[in-house]
Amino acid sequence: MSQTNTSPKPRLRESGLRAFPHNLAQDFQRNKVIYLLCIPIVIWYIIFCYLPMGGLVMSFEQFSPAKGIFGSKWVGLKNFEQFFTGPFFFRTLRNTAMIGLLELLFSFPMPILFALLLNEVHHIRFKKVVQTISYMPYFISMVVICGIIKDFTESNGVISNLVAAISGGKAYNLLGNSANFRAIYIISSIWQTFGYGSIIYLAAIAGVDQALYEAAVVDGAGRWRQTVHITIPEIMPTVIILLILKMGTLLAVGAEKILLLYSPATYETADVISTYVYREGLQNFNYGYSTAVGLFNSFINTALLLGANFLSRKYSETSLF
Amino acid sequence: MKTMSKLLALLVGVMMLIAVVPASAEEMIAPDGAELSIWMVYQGDVPESPDEIVSVQKMEEITGVKINWQIATKNDATEKFGLMLASGDYPDIVIGASTYYPGGIDKGIEEGVFIDMTDLVAEYMPNYQALCNTNESTRKGTLTDSGTNAAVYVMNGNLEGPAREMVWSGILVRQDWLEKAGLDVPVTIDDWHTALTAFKDQFGASAPLMIGADGMFTWGQFMSAYGVMEEFYQVDGTVKYGPAESGFKDYLETMSQWYAEGLIDPDFMTGGAYDGWATSYANFGTNKTGAMVTIWGYSGDALLKDYKVTEDPDFFLVGAHNPVLTEGDTAYTGYTVNEMGSSINITTSCKDPVLAAKWLDYTYSEDAMILNSYGIEGLTYTVDEDGNYVYTDLILNNPDGYAIGDAARLYTLHTSAIGRYNWQRFEQMYNPVTMACQYIWNEDSTAMVIPSTVTMTSDEGILYNNTYTPIKTLVDEYAVKVITGEQSLDDFDSFVQSLYDYGLQTCLDIKQAALDRYNAR
Amino acid sequence: MVIKRSPGRIVFEILNTVLMILLALICVIPLWHVLIASISDPGLVELHDGIIFWPLGEPSLYAYKFILRYKNLWTGYLNTIFYVIAQCAITGTLTVIAGYILSRKRFRYRNVLMGFIVFTMMFNGGMIPTYMVVRNLGLLDTYGALLIPMALMPFYIIIMRTSISRIPDSLEESARLDGAGELTILFRIVVPLSKATLAVIILFIAVAKWNEWFPALLYLPTARTKYPLQMFLRQILITSENITSAADVVDNSQLYKTLAKYGTIVVSTLPILCIYPFVQKYFVTGVMIGSIKG
């Protein structure tokens, strides 16, 4: 126990697992109220999130609801095996990743752009009206929207005719062609979410210190430079955090919309993990299997999230943790 | 005012009837009152719960048993069923386990959720047993592979007894167009080709024939002409898979030929005719289509007079047999509905299984059937001189403005989920013109169908479900691509080989074993 | 302070305005279509290709009469209003507290807590285990079942934390020097400065709660009087779309029921759109920070 380092308060500098109880106690002393406020939150998470997480054990079972989580037969990795060795595994994974990526590249920036552009509108009334209207697509149920999309992309639909006019070909059923599916999916996605998604960015823009703008004006900066040098950097933390979170849901392409839009004609690009599992699950109510697939998704998504977080820690000041 | 007093008089009359006619001793199951809870899939809009139905209340009065209905709508049924099982709070009776229980009813008994009802049926359910033995199909359908009555089933039938419901979906074709073109209702594939071409050329139909999004039809129409069905079928006791047979190649060839000629709906691949029955008739109304597979309710001039979706005064739809290859061949249909409906099980949570069995047997009695399908005499129906049951205006012309179907649901249990389901009651709700097509469709042979009461063991079920999805995915994709011309039929053999690579033989073996067991019952 | 506008700027503003108008049109037209379709003749609606701009056939309120025949619809409205207000209050408060805690740099283990919370976003036991927990707590068929299991959402906490982190540390320090305790700082300084973000989160909670039906399906097995609005609307929607057998096509009531899907959107969307103007004032630039200097 020879201490060569005799700095004034050695214990405060120690970290690591062995020192944890001590450091915790010390931190508690300093931040009593914070810890007290923590308690209800932590308890809530334990009860409603961590306790049910035990259900993930179903991934390794031939789960039967009647037998329950602890009574169902253990099958080890069989559910995963079934998932990975299915003939269409790679295709569904590829489609899921592609759609996730396209969403990231095209759907993600749109609300930001819209918020920035809307910010340039000076007429308050007009701005408010446009804002409110832009939310509306978000509230229309998916069933109706997909009905509209199908209608428009049929062989004599409005959009099909438009596309034919532009490309000079004959109008045909756009949605029946797997090459078009992703485009239709993403474009309609953008349309549905750009308004509602911009709310957060508008709030962030509203939170920017006016003094910064005033100073910039004094320096002779025009609106464009103000935007680039003030607005954008100021909302960057919000953008980055949302980007990291988005990475954490990249593979979570939901089945609802695709189920309404896809068909055997477009399985090639449209059949994603969630829709394939839906078709399988529909026949056998196999909870163990679907939980296993969900677990797989969770692992991949977590890896992506941590990766994104790591990168943002390195190259920017903001990160999730 | 007049209708009010009329109604009042009716009600008083009914109440007097109820008071005067004593419940027969047999039907009063629980003189001291008792309760049973039942889990059931129920539509739930009008009314929201069976408690509100007059005939249900009457049933409770007659039997002395109060029912607590635990209902789930069809969309939520899977989740709610799973939750019910997981929570361990089983009601006394569960309807629908054959559809929703993972692994099937046998598994349910094995896992201690349901009781084996064989002894109860033998001792306390004479009505049910009588029904079971009416014909071979009913007898086999209600037994398990080991020959027991582990569960009871809803009985479909008419006033005479258990009978398969008439085929309620099939090909409807524009009779007025056929007449104008000087053609008869098509019988062979070639006839159809002529007719569809006429629809296109003479009447400007852009989608003369509608087909499903998977390139096929619901119950094997058009395919049966080539001797195959969409999925598994049987030929004299041997199970086969349609897409793996050469007949499927011929079918696809014809279809892709027709597609190239513009005889098939150019939008079929994104939902086609089966995007919900309610919207499929739209294409009839706009004169885009001359023929499609749909429900009997739209036939005749219903679309013109009742639905008012067309302005063509000559509009008329007639039913057509499933096409055959050459004149004189038997037409086959893949219609699968038979005399048995959902399963009804008594759970291990039931404190008085004997009571439950007796109550269930009551629902199989003639009285209960009349009560649940026609309602209360004098209020919702009357009996005319020929002994026919006729609905009153309360149902047919409801004063509160409810449509016939809704009115019937308000006053009777009217559902296919309990006891004896009497589908004959629909006859008077439709005009005979509309019903005619059902008789036509009913004539097609169901010899190729594997009975829906064939069951797999739970292990077989797991293996089958694991193996079949990729097969079905490939089949659907391939069929569509061939029909649209994206893929050629030259690789049909490698397509079939892929099916076997994915495990088709396993599925065939399983289905074969199940069918053999069924035949041995 | 008048900023001179260059010609480039004027062109930009014109283009921007045109763009905004176009976007607004693209967004409003489908809702208009839904509204008009709901009062049109149902047969003609089915036949019609494309957007409906003007009522087809005889306009009628049949779809709404059909929906309003559900006496329980009004119960649903009341329930949902209650759930929305309660959830906003509960989740809003907890989220502010959580966001505050996580933003305090003095809190040594805040990243651990963050990880603890984010982990629950990624891994999830699923429907049945959560149901079992709620059931074993005795919450089934209670109002609490719809409020407590979703009291905290990691996403909102993260947003809150990000926003609170932007408040300069100097503010907290000077407050401490003045003798302010943790809670005073939270409620007197942090909350007022985070009004914009708080408004956003409350809006999100309100909208999500308004549209929510799945928890009701799970946790209110028999208490139909506690159903939120969407449960009733969904029942109408489903039964109008599902034809389970020929029995359901007995008459053309089916036709009118397909209009129900349009009607339910109108009935459920209009109220929530009306909330927005109240929250909007927090989004106007410059209302907040004002002249807060270090």
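Residues numbered from 1 in each chain as written. Chains lettered and ligands numbered in written order. Predicted model: local features only at pLDDT ≥ 70, side-chain atom pairs only at ≥ 80, totals over all residues. Heavy atoms only, no water.

Draft legend 1. Highlighting the overall build of chain C. Helix and strand content of chain C: 13 helices and zero strands. Taken from the N to the C terminus, the helices and strands of chain C come in the order α-α-α-α-α-α-α-α-α-α-α-α-α. Across the 294 residues that make up chain C, the buried fraction comes to 55%. Long-range pairs, those at least 24 residues apart, make up 72% of the contacts in chain C with a sequence separation of at least 6. Here chain C has roughly 12,400 Å² of accessible surface; of this, 68% comes from carbon and sulfur atoms. (Helix = DSSP H or I, 4+ residues; strand = E, 2+ residues; numbered from the N terminus. Buried < 20%, exposed > 50% of the residue type's maximum accessible area, 1.4 Å probe, protein only. Contact = heavy atoms within 4.5 Å. Areas by Shrake-Rupley, 256 points an atom, 1.4 Å probe, with all protein chains shown as cover.)

Draft legend 2. The arrangement of the environment of I230 of chain A in detail. All names here are of chain A. Here I230 lies in helix 12 (residues 223–247). Look at I230 and you get buried, because its relative accessible area is 11%. Considering only alpha carbons, one finds I230 and K32, 198 residues apart in sequence, at a separation of 37 Å. Apart from residues no more than four positions distant in its own chain, I230 is found in contact with V208, L212, Y213, A216 and R225.

Draft legend 3. Main features of the sheet that holds strand 5 (residues 169–174) of chain B. Residues and elements named next belong to chain B. If you walk across this open sheet you meet the three strands as 8-5-9, and the pairing is antiparallel. Looking along the sheet, the strands with just one partner apiece sit at the ends: strand 8 (291–295) and strand 9 (317–320). Mean inter-strand twist for the sheet, computed between neighbouring axes without regard to direction, equals 45 degrees. Bridge count for strand 5 against strand 8 is five bridges, and the pairing is antiparallel. Residue pairing in the sheet places V173 in a bridge with A291 of strand 8. Of the strands in this sheet, strand 5, strand 8 and strand 9 are in contact with helix 10 (residues 189–203), which crosses strand 5 at around 50 degrees. (Pairing = 2+ DSSP bridges. Axes fitted to C-alpha atoms, helices over the stretch in contact; angles between N-to-C directions.)

Draft legend 4. View of the pairing of strand 9 of chain B. Residue and element names in this part refer to chain B. Where burial is concerned, the two faces of strand 9 agree: the one with L317 and G319 and the one with V318 and A320 are both buried. Examined bridge by bridge, strand 5 and strand 9 share four bridges and lie antiparallel to one another. Considered in strand 9, the bridge of I171 is made with A320.

Draft legend 5. Structural context of the pattern of salt bridges. In this structure the tally under the stated criterion is 31 salt bridges over all chains. Between R176 of chain C and E182 of chain C there is a salt bridge whose closest N-O contact spans 3.2 Å. Put simply, R91, R94 and E268 of chain A together with E477 and K481 of chain B are held in one network by salt bridges that share partners. (Salt bridge = Lys/Arg side-chain N within 4 Å of Asp/Glu carboxyl O.)

Draft legend 6. Quick peek at the packing of helix 3 (residues 77–87) of chain B against helix 6 (residues 127–136) of chain C. Running from N to C, helix 3 of chain B and helix 6 of chain C cross one another at 55 degrees; their axes reach a closest spacing of 10 Å. The angle between helix 3 of chain B and helix 6 of chain C places the two elements in the oblique class. Here helix 3 of chain B and helix 6 of chain C pass one another in a crossing that is right-handed. Packed against helix 3 of chain B, whose contacting residues are E79, G82, L83, A86 and S87 of chain B, the element helix 6 of chain C presents M127, I128, Y131, M132 and R135 of chain C at the interface. Split into classes, the residues belonging to the contact of helix 3 of chain B with helix 6 of chain C amount to six nonpolar, two polar and two charged. (Parallel < 35°, antiparallel > 145°, perpendicular 65-115°, else oblique. Left-handed = near helix turned anticlockwise from the far one by under 90°. Nonpolar A, V, L, I, M, F, W, Y, C, P; charged D, E, K, R; others polar.)

Draft legend 7. Highlighting a nonpolar patch on the surface. Residues I10, I14, V18 and L22 of chain C make up a contiguous nonpolar surface patch of about 340 Å² in total accessible area. Tracing the sequence through the fold places L22 of chain C in helix 1 (residues 7–38). (Patch = residues over 30% accessible without salt bridge, like charges linked within 9 Å, V, L, I, M, F, W, Y side chains within 5 Å.)

Draft legend 8. Looking closely at the interface of chain A and chain C. Each side of the interface is counted separately: chain A has 92 residues, and chain C has 91 residues. By the criterion of area lost to chain C, the three top residues of chain A are Y45, F48 and F139 of chain A, representing 8% of everything that side buries. Viewed at the interface, chain C and chain A are joined by two salt bridges. The partner of R9 of chain C in a salt bridge is E120 of chain A, with the nearest N and O atoms 3.1 Å apart. For the pair chain A and chain C, the number of links is twelve residue pairs in polar contact (both at pLDDT 80 or more). Residue contributions to the side of chain A that touches chain C peak at 17 residues, all from helix 3 (residues 32–53) of chain A. For the side of chain A that touches chain C, the class distribution of residues is 63 nonpolar, 19 polar and ten charged. (Buried area = accessible area lost by both parts, 1.4 Å probe. Polar contact = N/O pair within 3.5 Å; in protein donor to acceptor, adjacent residues only side chain to side chain.)

Draft legend 9. Focus on the environment of K140 of chain B. Considering the arrangement of structural elements, one finds K140 of chain B in helix 8 (residues 136–142). Between the C-alpha atom of K140 of chain B and that of P451 of chain B, which follows or precedes it by 311 residues, the distance is 9.9 Å.

Draft legend 10. Highlighting the confidence of the model for chain A. All names here are of chain A. Mean pLDDT over chain A stands at 86; residues scoring 70 or higher make up 94%. By mean pLDDT, the top-scoring element of chain A is helix 5 (residues 89–107) (94), and the lowest-scoring one is helix 1 (residues 10–13) (51). Taken as a whole, residues 1–5 scores under 50 in pLDDT and shows one contact with residues more than four places along the chain or in a different chain. (pLDDT = per-residue confidence, 0-100.)

Draft legend 11. Up close: the side chain of S72 of chain A. With respect to the secondary-structure elements, S72 of chain A resides in the loop between strand 1 (61–62) and strand 2 (73–74). Setting aside its immediate chain neighbours within four residues, S72 of chain A contacts E61, Q62, F63, S64 and K67 of chain A.

Draft legend 12. Spatial organisation of the nonpolar core. Of all hydrophobic cores here, the largest spans 169 residues; its most connected members are Y45, F181, I258 and L320 of chain A together with I101, F107 and Y219 of chain C. Of the residues forming this core, the biggest block, 15 residues, is contributed by helix 10 (residues 178–206) of chain A. When neighbours within four sequence positions are excluded, I258 of chain A is seen to be in contact with I99, F181, Y185, V253, A270, V272 and T275 of chain A. Formed by 106 residues, the second largest nonpolar core is a distinct cluster that contains L360, A407, L410 and M429 of chain B. (Core = buried A, V, L, I, M, F, W, Y, C linked by side-chain atoms within 4.5 Å.)

Draft legend 13. Here's a closer look at the sheet that holds strand 13 (residues 420–422) of chain B. All names here are of chain B. Overall, mixed pairing links the six strands, which are arranged 2-1-3-10-4-13 in an open sheet. With one partner strand each, in any of the chains shown, strand 2 (65–72) and strand 13 form the two edges of the open sheet. Ignoring which end each strand starts from, the neighbouring axes of this sheet average 25 degrees apart. With three bridges connecting them, strand 3 (residues 93–95) and strand 10 (residues 340–346) associate as antiparallel partners. Within strand 10, the residue paired with I95 across the bridge is I344. Helix 3 contacts strand 1 (34–41), strand 2 and strand 3 of the sheet and is inclined by roughly 135 degrees relative to strand 1.

Draft legend 14. Molecular detail of the packing of aromatic side chains. Taken as a whole, this structure holds 71 aromatic pairs over all chains when the rule is applied. Each ring, one from F20 of chain A and one from Y109 of chain C, has its centre 5.2 Å from the other, and the planes form 80 degrees; the classification is edge-to-face. In this pair, F20 of chain A sits in helix 2 (residues 20–30) while Y109 of chain C sits in the loop between helix 4 (72–103) and helix 5 (110–122), so the two residues belong to two different chains. By relative accessible area, which is 34% here, F20 of chain A ends up partly exposed. Judged by relative accessible area, Y109 of chain C falls into the buried class, the value being 15%. Plain terms: the ring middles of F82 of chain C and Y143 of chain C are 5.3 Å apart, the flat faces sit at 80 degrees to each other, and that makes the pair edge-to-face. Of this pair, F82 of chain C sits in helix 4 while Y143 of chain C sits in the loop between helix 6 and helix 7 (154–165), and the two are 61 residues apart along the sequence. (Phe/Tyr/Trp six-rings, centres within 6.5 Å; stacked < 30°, edge-to-face > 60°.)

Draft legend 15. View of the confidence of the model for chain C. Residue and element names in this part refer to chain C. Summing up the model confidence of chain C, the mean pLDDT is 81 and the portion of residues at 70 or higher is 84%. The least confident element of chain C is helix 2 (residues 42–47), whose mean pLDDT is 72; the most confident is helix 4, at 92. Here residues 243–250 is modelled with pLDDT under 50, and outside its nearest four sequence neighbours on either side it reaches 25 contacts, counting other chains as well. Contacts for the low-pLDDT stretch residues 285–294, under 50 throughout, to residues beyond four places or in other chains number 18 contacts. Predicted complex metrics record ipTM = 0.84 and pTM = 0.86.

Draft legend 16. Fine view of the pairing of strand 10 of chain B. Residue and element names in this part refer to chain B. Of all seven residues making up strand 10, five are buried, and the element is well covered by its neighbours. As judged from the three bridges shared by strand 4 (residues 152–157) and strand 10, these two strands associate in the antiparallel manner. Within strand 10, the position partnered with V152 by the bridge is I344.

Draft legend 17. Quick look at unusual backbone geometry. Residue and element names in this part refer to chain B. Look at F222: it is not a glycine, yet its phi comes out positive at around 65 degrees. Along the chain, F222 turns up in the loop between helix 10 and strand 6 (232–235). Phi angles above zero are rare outside glycine, and N287 is one such case at about 60 degrees. On the accessibility criterion, N287 (28% relative accessible area) is partly exposed.

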